[in-house]
Amino acid sequence: MPTIVTGNCERCRFTDCVTVCPVACFHSDDQMLYIDNNVCIDCGACIPTCPVQAIYEEADLPNELRVWIAINAERAPNLPSITEKEEPLPGAEARKADLGF
Amino acid sequence: MTAGSEQHPLWVAIVGSGPSGFYAAEGLLKSGRTVRVDMFERLPAPFGLVRHGVAPDHPKLKEPIRVYDRIARVDEFRLLGNVTVGRDVSVEELRAAYHAVLFCCGAETDRRLGIPGEDLPGSHTATEFVGWYNAHPDYRDREFDLSQEVAVIIGQGNVAIDVCRILAKTVDELKHTDIAAHALECLAASRIREIHLIGRRGPAQAKFTTKEFREIGELADCDPVVDPADLELNPESLAELEDRAGSVAKKNLEVLKGFASRPARPTHRRVFLRFLLSPVELRDDAGSGGGGGAGGGGQLSQVVLERNRLEGGPFRQTARATGERLTLECGLLFRSIGYKGVAIPGVPFDPRQGVFPSRDGRIVDEAGAAIPGLYAAGWIKRGPTGIIGTNRADSLATVNSLLADRPILDTGPKPGAEGVAGLGPGQGPRVVSYADWLVIDGAEVQRGASKGKPREKFTRVAEMLRLLDRPLP
């Protein structure tokens, strides 16, 4: 069952999740992160670390976010891997507040 | 001169080869400094609880071994398996031969219930059972009386649920996993019909992850049983579920309600999920009451439980005994109420918490002052919490402290393992390198293939060592 990064990560990119990933399955572009589900072991360690709750197990994914399953699958394998925490994007804190966190 | 350059590498000894040890090695080797890592492991087989803890029917959770394998193949890394720190090598010797010693040795023993009868025959720790079905050499010869019909598990964390699932599954559900052959054989003859999973607090406070919880409802020949009365929550627990911090508990409750409302199947086995109960005494069939004292000689036959109620505000609720007692006939019991680290001579130890006392990963003395060159990561640092990945962030934090300390660490050159007396060829234990491990690993995979198993683990240290140093054919 895939684990999926969704749109809340966009323009935030807090990257706390990558520090707890036991198998280095996160990949990133400038805007957000994606999970390579060929590598992810569904342990769920990353889910509670996201300050904007962008990460879901597929079973808990709301319908309107299911579009992200395909986006993660498509983009992750073609992007560089990220295993260490980076600075969030400028404006991340403001966006976090906008998102209600 | 501060160590960490090509001419003057930083030598680090890591004690323990489980997840926290490997993530610490990763952090050191990717730090941009020149670091040499020697990892000491008391068994010939590395990977700690990923090999000997993760349940055999959870193969995906063993995938981190692929990551550890990549780390182990880095030139600056060496495995020194079959070497026990504190016995074959002293901590003092390591401190002399390395700039820093980083303890990642986990929590190897169980917390005790502290009740009469705890040590009756038939009462075991979850650790023993998990080690036994996972082929850990220390537990190879343990015996569990699976001719009993009722088993009780005290505790409701993920280890408790692993033990429950292994007892509940059919042989067909286990035979293509890497479960130890001796365990599969005993489980095939199991007569267990009822498994009671006992929690001292309510369903909203259970520590299961939802995924593991759901699995209990997906077994081939075992149904979960929940008393609907247990699902009537107090206002404090309801408040917990409405809070963001209660999102896992909320999902768990939904799973439990599903269990409670679905029609029962005519399964051979049943798992009873029971809440707000604490064991107060284990009794034997000689009628003498368990524990110290005279009598004894009997087998566990009964557990006395006391009903609890919750006290305190949301997220601070504790279990308080009500005085109401009930008994449950059972011949087999496992306690899974937490784990503790084991002391190593030469390192401060907090016996109450079962950890090496530390601050930001730096081991501290009784006065709270950091001891230069001694570090801790993983369960021996923070106690037995979190899952495999939790240890990665934890180990990286300790590595950051260690690297920041370089100027205050011993600045002289260090010899690493070559400088440790008793580890040379012909003396002390047969040191198992990573290349040696790959020989053992290959043999295990080959043994498993004919049975349709990913591997058949060796269960004796001597068996593993026999594979090494064989004369060329």
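To be clear, the structure that these remarks concern was listed above.
Since this is a predicted model, take the numbers as computed values, not measurements.

A. Local environment of the packing of aromatic side chains. Residues and elements named next belong to chain B. Scanning the model with the defined rule gives 19 aromatic pairs over all chains in all. Seen in terms of ring centroids, tyrosine 23 and tyrosine 68 are 5.3 Å apart; in terms of plane orientation they differ by 80°. Their pairing is edge-to-face. Of this pair, tyrosine 23 sits in helix α1 (residues 19–29) while tyrosine 68 is found in helix α3 (residues 64–72), placing the two residues 45 residues apart along the sequence. Like tyrosine 68, tyrosine 23 is buried. Plain terms: the ring middles of phenylalanine 129 and phenylalanine 144 are 5.1 Å apart, the flat faces sit at 85° to each other, and that makes the pair edge-to-face. Of the two residues, phenylalanine 129 is situated in helix α5 (residues 126–133) and phenylalanine 144 in the loop between α5 and β7 (150–154); the sequence distance between them amounts to 15 residues. The pair phenylalanine 129 / phenylalanine 144 is uniform in exposure class, with both members buried. A cation over a ring is seen here: arginine 447 above phenylalanine 458, with NZ or CZ 4.0 Å from the ring centre.

B. Broad picture of the interface of chain B and chain A. At the interface, 17 residues of chain B touch 20 residues of chain A. When the two sides are added together, the surface that chain B and chain A hide from each other amounts to roughly 1,600 Å², 50% of it contributed by carbon and sulfur. Of all residues in chain B, Lys211(B), Arg244(B) and Arg392(B) give up the largest surface area on contact with chain A, accounting jointly for 32% of the area buried on that side. Viewed at the interface, chain A and chain B are joined by four salt bridges. Note that Asp42(A) is salt-bridged to Lys60(B), the shortest N-O span being 3.0 Å. There are ten residue pairs in polar contact (both at pLDDT 80 or more) connecting chain B and chain A. Listed by contribution, the elements that provide at least two residues to the side of chain B that touches chain A are α3, α9 (210–215) and α13 (390–404) of chain B. Here the side of chain B that touches chain A gets three residues from one element, more than from any other, and that element is α13(B). Class assignment of the residues belonging to the side of chain B that touches chain A gives a composition of seven nonpolar, two polar and eight charged.

Conventions adopted
Residues numbered from 1 in each chain as written. Chains lettered and ligands numbered in written order. Predicted model: local features only at pLDDT ≥ 70, side-chain atom pairs only at ≥ 80, totals over all residues. Heavy atoms only, no water. Phe/Tyr/Trp six-rings, centres within 6.5 Å; stacked < 30°, edge-to-face > 60°. Helix = DSSP H or I, 4+ residues; strand = E, 2+ residues; numbered from the N terminus. Buried < 20%, exposed > 50% of the residue type's maximum accessible area, 1.4 Å probe, protein only. Lys NZ or Arg CZ within 6 Å of the ring centre and 35° of its normal. Contact = heavy atoms within 4.5 Å. Buried area = accessible area lost by both parts, 1.4 Å probe. Salt bridge = Lys/Arg side-chain N within 4 Å of Asp/Glu carboxyl O. Polar contact = N/O pair within 3.5 Å; in protein donor to acceptor, adjacent residues only side chain to side chain. Nonpolar A, V, L, I, M, F, W, Y, C, P; charged D, E, K, R; others polar.

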